[in-house]
Every structure is written in C-alpha cells, then in structure tokens.
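Descriptive structure summary
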Amino acid sequence: MKRWIVIAVVIAAAALLPLALDARGYWIRVLTFTLLFATMAQAWNIIGGLANQTSLGHAAFFGIGAYTSTILLLKLGLSPWIGMLAGGVLGGIAALIIAIPTMRLQGHYFALATLAFGEVMRVIANVWTPLTGGPGGLSVPFMPPSFAGYSFKLLLPHAYIALVALIIVTAIFEAIRRGAMGYRLRAIKENPEAAEVIGIDTTKVKLQATVISGVLMAMLGTLYAQVAVFFDPDTVFSAAAISIRIALIAILGGVGTAVGPILGAFFIIPLEELMNDLLSSRAAGLSQLVFGVILIAVILWQPRGFITVFDSLRARLSGRAPS
Amino acid sequence: MAFLQAVIDGLLVGGVYAVISIGLTLVYGVMGIVNFAQAEFLMIGMFVAWFAWAFLGLDPVLAAPLSFAVAFGIGWLVQGQLIARVLKAPSVAQIFLTVGLLIVIENGSLLLFGSQFRSVTTSYQTISLSLGPLFISVPYLIAFAMSLACGVVLWWFMRASWFGRAMRATAQNPMAAQLMGIDTALMYKIAFALGVGLTAFGGAVILPYVTVFPGVGGQFVVLMFTVVVLGGLGSVAGAVVGGLAVGVIQALSSLVFPIQLQNLVLFLVFILVLAVRPQGLVGASR
Amino acid sequence: MSRKSSNSAGLSRRTLLAGTASLLATPLVLSPARAQAKPINIGVIMPLSGANAQFGINSRNGIELVADEINAAGGIKALGGAKINLVVADATSTPTTAGTVAQRLITQNDVTAILGAFASSLTIAISEVTERRDIPLLTMSFADQITGRGYKNIFQVVAKASAIGKAQLDYTSAIAQASGAKIEKIAIMYEDTAYGTAQAGGLRAGAKAANIEIVMDDAYPLGITDTTPLINKLRASGAQAVFPVSYLNDSLLLIRTMRQQRITIPAIGGAAGYVIPDFEKGLGEFAENVLSIAPANYDLAPDLTERFRKRYGYFMVHEALEHAVALDVLVQAIEKAKSAKAEDVAAALRGAKFTGGWTKAMTGGAVEFDQTGLNILSIPVMVQWRNKELVTVWPKDVAKGTAVWKS
C-alpha cells in the first residue's frame, strides 16, 4: 500500500516538474530527452535485464520506428500516432527476424550479433535513398499544431508524452517481471537446461520478450522523431548513441530493476549536457574526456548500478539484508 | 582474374585484420573481458609510430615494436588500476568500464595531439609488384609479412614459453592455476598488456596506408569485433581465420555487390555463420 | 517506522532532483553589468570532438580571427562599441545534441545569432531549432536541403552541393578542352555521406548535361580501410578522369592506390579532404597538380587570408574563410539593423547584399542572399595544388594561375 503512495507522489512530482521549466527552453528539452532515454532503456531492460540478453542492437528497432512514422507522414500525410503503431508492428517483425538466428547465442556473441544487426539496418537506411532519404536524412515536416497530428508549438507536450510513455513502459516492465513471463525468464536466466526440463518453452518465452521489447522500442522511435524533427541513419540507427547508450543507462542505474533505467538516465543525460556546457568551449574533447572519467569512476564505485546505493540504504534503515 | 586479384587483396588485408584483432581475442580468452577500448590502442600504436617517423625518421614498420612496448606499458597500468577492480563484477560492468576507457583515451589524445590527420610518407607507399596481370600492393604485402611474423612469435610464446603456458592455464581454470602456484593477477596483467600491445603493433604496421587521428579507432572497432567473434571469441587461431575470412568476404563482395554494401554483406554473413555455429568458426563451446 | 524511512529515502531523492533541476533552470548570471555597451553574444556551434573535430576547429579559428579584429577596431559601432562575445560549444557528432546545444545557447546565453556547424546534418538539426525560435543561423554547410525548406532564418554563404558537384564536372571539361583534350568517359567515386552523395548528384547532372558517359559510379562506406576494389574497378572502366568525393583518409588511400596501380588519369577532388594542408603533407610530391573543386579559396583575397596563416600557422582553409565571411556579414547586418535583437538582425540579412570587409574573399567580391537564404553570388572555384599551395585555376576571371592538365 505504502509503495503505491510513493509511486503516486513521485508521478505527481514528475508531472509538475515540466511546468516549472521554461516551456520553449533548454531544460525542458533536456528533460524530454532524459525521459525518452529512460523509457528506451526500460524497453531494453525487458530483455537486457529480465532475460539477461545484453542486446547492443536495439537501435535497429528504434530506427525502424522513427523512419516508419516519418515516411508515412511525408508520403501519405498519415498522423504520427498511426505511424507509431505501424512502426511498432514493423519493430515486432524485426525482433522476430533478429531473434531467430540469435536464439542460441550466449552472452557476448549475442551482444555482437545484435550489434551487427543494428549496423545492417543503418546501412540499409543509408543506401535505400528513395525510401529513407539516404544519408541526407529526413525532416519531420512543419505541420500546424494539433494533438492528432502530433505537432506542437512548445516542447512542453513532448515532455508529458515522454513522461506518460515512461510510466506505461515501466508498468509493462513491472507486469512482466512480477508475472508468469518474468518467472520463466528468471528460470531461464538461472539455468536454461533446468528450465526446459520443468516444461518452460525457452525459445517461445525469449521470443515473446524480444518482440515486446522491439515493439516498444520502435514506438519510442516515433516519439524521438517528433521531438528531434530531423534525423539521419547515423542518428537513429547509431550503435554508440542509441544501442550502447541505453544499455549503459540501464546498467549504471541497475539492470533488471524498474527504477534502474530511470536513475541511469537522470544521471547520464544531464551530466553530458553539463559537461558540454561547462567544458566544451575550453578545449576540443575536454567535455567528453571528463564525462568518460566520471563514467569510469561511477562504474568502479558501483559496478552493480546506482540501485545498490538505494538497496543498501533501504536495508540499513529497515534492518533487513539487501535484496 | 578479377576473382584472383580480389582473393589476394582480401588475404593481404585480412592478415592485418588478424593481427589487429588477436589482442582482443587474447584478452577475452584469458580474462573473459570484451575490451571495447581495444581499437583505441590501435590508435595509440599508430601515433607512437607516427612520432617515431616524424622525429626519428623511423619507418613505421620498424617502429612497430616501439608501439608494442608503449601500449604494453599503458595496458599494464590500465589493467592493474582499473580492470582488475572489476574482475569480480558483473560482465556488463566490465564492458562498460571499457566503454568509458574508450571515451577517455580517444578524447585524451584529441587534447594531447590535436585533431589533425597525420600520415606518413614512405618510399614504398605508391609501389606495387606486378605478378603478370595482378597487382600486389607493397604496403599491404609488408603489413601482411609483419603480421605473419608477429603471429608466429605469438604462437611460439603461447606454446613454448612458460608465461604462455601459464596464461593458457589461467584461461582454462583460474582456480587450478592458482593452486599450481601461478600468480593469476600477474597473468591477467600480462594478458591484457600483451593483447593491447599486439593491436598497437598492428596499428604501426598499417600506418603507411591509414591516416591517424584521435578518432581512427572508431573505423576499426566493429571490424575487429566481427573478426574475433566470427573466428570464435578467445581463440587465437580463430582471430587469424576470422581476419582472413573478413578480408576475403569484403573483397569478394565488391565483385558482385556495390562496394557501398561491403559491410552489409559482411554483417549478414557474420550473423548467418553465428546462427549455424554459435561458437564461431574455430571456437570451442566454452 | 522502517517503512516511513524508506518512503522518505525514496521521496527525498526525487525532490532533490526536481529541486536541482529548477535551480539550474534559473537563468545564470554570467557576468556583472559592464559600464559600457553590453557585449553581443554570438553562438558558435562546431564539431569539436569526433571525426570532424579538425574542421570544427578550423572553422572556429576563422571566426575568432574576425571577432578579434572587429573588437580591436572598436566593436559594433551602431551599438555604442559593443564587443562581440563568442559563445563556443561542441556540436558533437550527433545532430540531436547539436540541436540541444543550440537551444541552450538561445535560452541561456541569449545569442543574437548562431554560426555553425560545418556538417550538413548538424546544421540542419540546429536550423530546426533556430527557425522555430526566430534566431538567424549562418552556415557554410551546403546540402541542398538547407536552403530548400523555405526557412526564413537560415543564411548559407556558399553555393549548393548540387551546384558544386556540377561545377566540379563543368570546369573540368572546360580545363581539359583548353588543353586540347576532350573528356568522354568519367568515373565518380564518393563516400556515402550526405556530403558525398549530394555532390555526386551534382556531378551526375553535369555529366548528363554535357553528354559525358559515366563508366563508373560507386559509393563507398565512410571509414573504408581498403580501396583496392574501387581502384580495380576504375582500372577496368576505361575512364579518362576520376572524380573522387572524400574526406582525408580515403583521399590519400585513393590517390596512393591509383599510383600503385600506375593509373595516371587526372583526379579532380570534391573539396573536403582534398583541400586541406594534411592532404599535401600526406602525399608529398604526389599532391602536385591534383585538382579539386572548392566553395572558396584563400588566394582570392590574400591581404585578408594571410592574417589567418600568420596567426594559426597554416593556410586559411575554405571552411575557416567562409565562416569568417559569415561573421563579417552578420556584424554588418547588426550594424545595419542597429539592434542586437535576433528578429531585427534576421530581417537585415534577408534578401540583402553585403560588400566590403571579408566579403571580398568570396567570389563576386560580395555576399547577396536570396529569399531562400542562399548566397547567389558565390560560385565554386577549381583549385590546383602547386608547391604546397592551393592555386585557383578556374573560372578564368578569378583564376590566379593557369590550369595544368595532364592526361
């Protein structure tokens, strides 16, 4: 019961936060991207955390979503909301396509195979110019403001959409984690052979988790496209800026937990911005260097993620052993 | 004829891919760590060789051992101070520590060396040997020969020297190795330092035909990982097979498909190979 | 009791984050009010890390040179001698980040205008922000899209990519003809980036218009490490001239591999890697007489551009020159508008012509923006490497040297 109160209060505070910021300004944009990346990391968390499959190719789904809704908007004038659903479907199909050859792969092999898949999508987007605009990228056309058309004059609605997305995806994550699928995924994580023996269809479960993760990730691509307005293959299919970053966010925060991706995003994104703000004018590369140093320091300090700080705090206060 | 030329080019280039990537697979084999910062040591090796050329007049190929030594030293320190601390942590933490390392090394060199593109001019850069209608690029040939020499030395080291055998023992079973009196912490230091040193060696060797700048590692990262995983993570023979395979696949694909799709073909082959043989071409199931 | 504590532990962290965010949202007071006129903030967003760092730094240098000159000469006269304050920031290599940086400069630094960002994708992302906030953006990026969207706040000081590509071809035909050669078959090789693809499009259009056969037309991935397949294809194609569009690493690779295979047909580069000092340093004697198209060149106004060489130690590369011109034009617009307000300055820039100062370094000796924001006076020039310098050799009326054509 108390847990629900905490969650409600947090959500209320989070809902009020955007209003405290300049609606056309910089911090609301940072907040929007932070929420978006937290949501992306949460979608990743479903297979990266619950299924323990470190995917480094989630950008493949993301880019598919971004391109689908934008292409449909440009060519057919279709509302990005509908485009988002279409993107979700394609993302799910892509998840199936990736899952099949990578089903048997372990740990690092899986990570690198998914990385390769992400790169495959990037090259396709780069080469298929008539459809995707090629390396020149696509701009979401300037539309008159309307909710149905997913077009707004201010950044504020984007922030709220991102917040709602975060809540929904986190809810899905929690539902999976606590439910039958989560139980089966944990069993597979612990001991795949034993799981098979007790009757879990490991292939089916992993496939389901991958598809859910892929569908959500693709839908988030649309949200990103609408905020960023312009993107190219290197932006949305990027291994470094998308795939690796969301894995990093989830892991720094605490992989496999609902709060982890949120903590991770609220740490990393504002930190990068701060570094850029304070240091990038002084010397080329300085802001990135300091960011890298901080990253290393944080991992050395908390290899299991910020969530461990939480857990030990909570445990110490309640006298229980950390979970 | 075009086919033969492509195969030759692919093998020559592939040999170099192999030597660059052997270090990566060695580190994984002994320590179980996927070092995302490996390509940054390639860049370090290239810079060392460039400075040796600019200030000492050394041909980069001759400066390769120097690159090896410098990277070995840096790797030794990095392993001891950073990597060693996360050996017991979840593997994802280790991976992302190396990602942080990548960012630090790349931007550190941007600050130290500046953003200019530096290349060397050597006497043999624009020469190639003619074998009938075939061209064999001399810089590639020399790079290939050096890679071969390096590979042979490494093979001897791993097989015949005490250190090599101790490292292999640590890779197979750290606990047993420790019980046998092997200082596993030292072995890890040597393995990591050796691994990054080898990649740096490769960097010096390719300097005659690749321009160095702080971000050059990024051009090779995905390639190196493809080579290593294709061959089988942890297997030195796998890195060699993987390297040659990648070189030949790239070269042959340009005969049939547009050159722009070179990497697409490579990645698709990569995914297919893994689908059929999840442990890589040469790798044994770990 | 334990539950309450855990709630407060969870809650306080959130509030702390919220509080910190609001605190940081408060406009920062940068410096105490000055006795004289308030400085004008001008945003400079360039890639200062990643693969384009070199070009970003060159661009920033060009801007700083002009800013210091103007400040030393008494600042902006129409605003009481107000000094220019450059607010420099790293665009990084991600367009979305460049957009966020632009937003930051607009909101936190109250910039009058922004100069940036060398790479077209970064510039387009920034323009999405500046257009919506009515802040003028001046650039030398030349992707056709930049001036093709009907935006009112974008000002491009050089010709479009398709025009540059077409000029690359047309000038080559003219130069060959002047030497008595006729070109009928050409090869095009380009990086599959926005820049390479756009220029290749221009080359194709030029070839088609001149009835020249394209016997090889290949894109290659950025970061290619082995160009032998391209050169093998070139050799087999029978082309009389090759038009590579690439950055530095591939440009060196291509020229060297061509030499290895004893291919001596003329190579006409597509700017970027072909017109920076590192090109000559990398190739030595083999750089001699390589031709390249360029949006502008430093030998058109040596009295201005030699100041750059004096201060920074290398010749004024075209991106530095173009950004210098952009800043000069911007300052002239501020003087004309007698205001530091973005809308006023944008209005002063729109459809206007600017002469004098650094605009003399551009072809046409002036800058004139049409309604789409394109400088219609800028035409590309063909340059040739001569003794470690870039000499403008075409069109004849601006050439500083005669083109050498070796076929």
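In what follows, the accompanying structure is described. (Residues numbered from 1 in each chain as written. Chains lettered and ligands numbered in written order. Predicted model: local features only at pLDDT ≥ 70, side-chain atom pairs only at ≥ 80, totals over all residues. Heavy atoms only, no water.)

**Focus: the overall build of chain C**
Selection rule: Numbering of helices and strands runs from the N terminus; a helix is a DSSP stretch of H or I covering at least four residues, while a strand is a stretch of E covering at least two. C-alpha atoms define the radius of gyration, and 2.2 Å times the number of residues to the power 0.38 defines the globule rule. Classification of residues uses two cut-offs on accessible area relative to the type maximum, computed with a 1.4 Å probe and protein chains only: under 20% is buried, over 50% is exposed, and between them is partly exposed. The method behind every accessible area is Shrake-Rupley, applied with a 1.4 Å probe, and residues are considered shielded solely by the protein chains displayed. Think of it this way: Lys and Arg go in the positive column, Asp and Glu in the negative one, and His and the chain ends go nowhere. The atoms used to mark charge sites are NZ of Lys, CZ of Arg, CG of Asp and CD of Glu.
Of the regular secondary structure elements, chain C holds 13 helices and 14 strands. Radius of gyration (C-alpha) of chain C: 24 Å, near the 22 Å computed for a compact globule of 407 residues. Each of the three principal axes of chain C carries a C-alpha extent, and together these read 85 × 60 × 40 Å. The buried share of chain C, reckoned over its 407 residues, is 62%. For chain C, the accessible surface area stands at approximately 14200 Å², while carbon and sulfur atoms represent 54% of it. Computed over 41 positive and 35 negative side-chain charges, the separation of the two mean positions in chain C equals 5 Å.

**What about the interface of chain B and chain A?**
Quoted interface sizes are often the accessible area lost when the parts come together. Formally: Here, residues are in contact when the closest pair of their heavy atoms is within 4.5 Å. Accessible area that two parts lose when put together, evaluated with a 1.4 Å probe and summed over both, is termed the buried area. Put simply, a salt bridge is a Lys or Arg side-chain nitrogen that is within 4 Å of an Asp or Glu carboxyl oxygen. Two N or O atoms form a polar contact when they lie within 3.5 Å of each other; inside protein one atom must be a possible hydrogen donor and the other a possible acceptor, and for residues adjacent in sequence the pair counts only when both atoms belong to side chains. In this count, Pro and Cys sit with the nonpolar residues alongside Ala, Val, Leu, Ile, Met, Phe, Trp and Tyr, while Asp, Glu, Lys and Arg are called charged and the others, Gly among them, polar.
Contacts between chain B and chain A engage 42 residues on the former and 36 residues on the latter. Where chain B abuts chain A, roughly 3500 Å² becomes buried across the two surfaces, and 83% of that area is made up of carbon and sulfur atoms. When the buried area of chain B at its contact with chain A is split by residue, Phe-96, Leu-111 and Ile-271 of chain B rank highest and sum to 18% of it. At the junction of chain B and chain A, the tally comes to 0 salt bridges. Along the contact surface separating chain B from chain A lie 4 residue pairs in polar contact (both at pLDDT 80 or more). At the level of secondary structure, the elements contributing two or more residues to the side of chain B that touches chain A comprise helix H4 (91-113), helix H9 (217-231) and helix H11 (262-276) of chain B. No other element matches H4 of chain B, which puts 15 residues into the side of chain B that touches chain A. Broken down by class, the residue content of the side of chain B that touches chain A amounts to 31 nonpolar, 9 polar and 2 charged.

**Things to note about the pattern of salt bridges**
All names here are of chain A. A complete count under the given rule lists 19 salt bridges over all chains for this structure. Glu-174 is the partner of Arg-177 in a salt bridge, and the nearest nitrogen-oxygen pair spans 2.8 Å. Here Arg-177 and its partner Glu-174 are both found in helix H7 (residues 156-178), 3 residues apart, which amounts to about one turn of the helix. Residue classification places Glu-174 among the buried positions, given a relative accessible area of 17%.

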